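Structural description and commentary
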Amino acid sequence: MVRLVSLIIFSLATILLATKSSLCHGKTTLNLVDHGITFSIFPLRLKSGLGGHYIPEISCSSWRLAVEAHNIIDWKTIPQECEGYVGNYVLGKQYREDSKAVTEEAYKYAQSLNLVGDGKDIWVFDIDETSLSNLPYYAQHGFGVEPFNETSFSEWADHGIAPPLPESRTLYKNLLNLGIKVVFLTGRSESLRDSTLKNLKDAGYNTFEALILRNSTEYNGKTGVTYKSSERKKLEEKGYRIVGNIGDQWSDILGTNTGNRTFKLPDPMYYIS
Ligand SMILES: [Mg+2]
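Because the structure is a prediction, the values reported are computed rather than measured.

Attention now moves to the sheet that holds strand E3 (residues 121-125). In space, the five strands of this open sheet follow the order E5-E4-E3-E6-E7, with parallel pairing throughout. In this open sheet, the two edge strands, each paired with only one partner strand, are strand E5 (210-214) and strand E7 (262-264). Neighbour-to-neighbour, the strand axes of the sheet open up by a mean angle of 20 degrees, direction not taken into account. As judged from the four bridges shared by strand E4 (residues 181-189) and E5, these two strands associate in the parallel manner. Residue pairing for E5: Ser189 is matched across the bridge by Arg214. Across the sheet, helix H9 (residues 224-237) touches E3, E4, E5 and strand E6 (241-247), and the angle it forms with E4 is around 150 degrees.

Rendered as structure tokens:
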């Protein structure tokens, strides 16, 4: 008799749960109790985009993830419909939080190192969208909707007024305090040396071992990966140990002589191979 009652109660509970399940379909979570364990089920239903309506932010978010994961490569401009999305991202809190997640992890790693202390431990910093932010420029050029224009960008860079990316500058200062030296390695042309030096100092980057800019004759027609790999190799040949390397482009951290650990900052505005 007791068994029969238990069976009836169990059956009723199952029916009730099934009813609840159908009622809750489309809501954020559904709790299912099985053998005393509670499982949260997340239906594969988007909170926005009801009724199959196209929501640009959703595909732009997927696009950004694919870009950051280096699944989408060699792109020339951001998708037209993502201009607002990318603009809101880079001007908003998420970009800063994403940057912070990277730089804090980099600092944790740096703190874990057993440094030799002979002044040869270096950290390679990229400049654009890593040490300095060109958002004032890109805000005037559609956040990457317009194809990259080297002449126009160089004119902006030559003013030497780009603000620092605050998270990178904090990392920079923390690394110096640990006794790690910093080398700036940038795809900017050698012709921008004076304005870049001034800009770095004005932005709070006062102490560094070297500033390496791209020699247009030596690297004419070469990719960023080739140029940066070659310059990092030269550093190692001089006896430096690259303990870390940070940049916003995959070409900053791919190739050879990349350093013991690499860190990729977000950049959904442009791609450099
Ligand atoms: Mg960069």
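Attention now goes to H9. Taking 1.5 Å as the rise per residue, H9 with 14 residues should run 20 Å; its terminal C-alpha atoms sit 20 Å apart, in good agreement. Buried residues belonging to H9 abut E3, E4, E5, E6 and helix H10 (250-253). Looking one or two places after H9, you find Gly239, whose phi comes out positive at around 100 degrees.

For a regular strand, side chains alternate in direction, first toward one face of the sheet and then toward the other. Note that E3 and E4 share four bridges and pair parallel. By the bridge assignment, Trp123 is partnered in E4 with Val182. Note that the unit made of E4, helix H8 (residues 193-202) and E5 has a crossover that is right-handed.

The next point concerns the packing of helix H4 (residues 93-111) against helix H7 (residues 166-178). Relative to each other, H4 and H7 sit at 10 degrees, their axes nearing to 9 Å. Put simply, H4 runs roughly parallel to H7. Between H4 and H7, the contacting residues are Arg96, Ser99, Lys100, Thr103, Ala106, Tyr107, Ala110 and Gln111 on the first element and Glu167, Ser168, Thr170, Leu171, Asn174, Leu175 and Leu178 on the second. Per-class residue counts for the contact of H4 with H7 are six nonpolar, six polar and three charged.

Criteria and thresholds
Residues numbered from 1 in each chain as written. Predicted model: local features only at pLDDT ≥ 70, side-chain atom pairs only at ≥ 80, totals over all residues. Pairing = 2+ DSSP bridges. Helix = DSSP H or I, 4+ residues; strand = E, 2+ residues; numbered from the N terminus. Axes fitted to C-alpha atoms, helices over the stretch in contact; angles between N-to-C directions. Contact = placed C-beta atoms within 7 Å. Expected span 1.5 Å × (residues − 1). Right-handed = clockwise from strand over helix to strand, strands pointing away. Parallel < 35°, antiparallel > 145°, perpendicular 65-115°, else oblique. Nonpolar A, V, L, I, M, F, W, Y, C, P; charged D, E, K, R; others polar.

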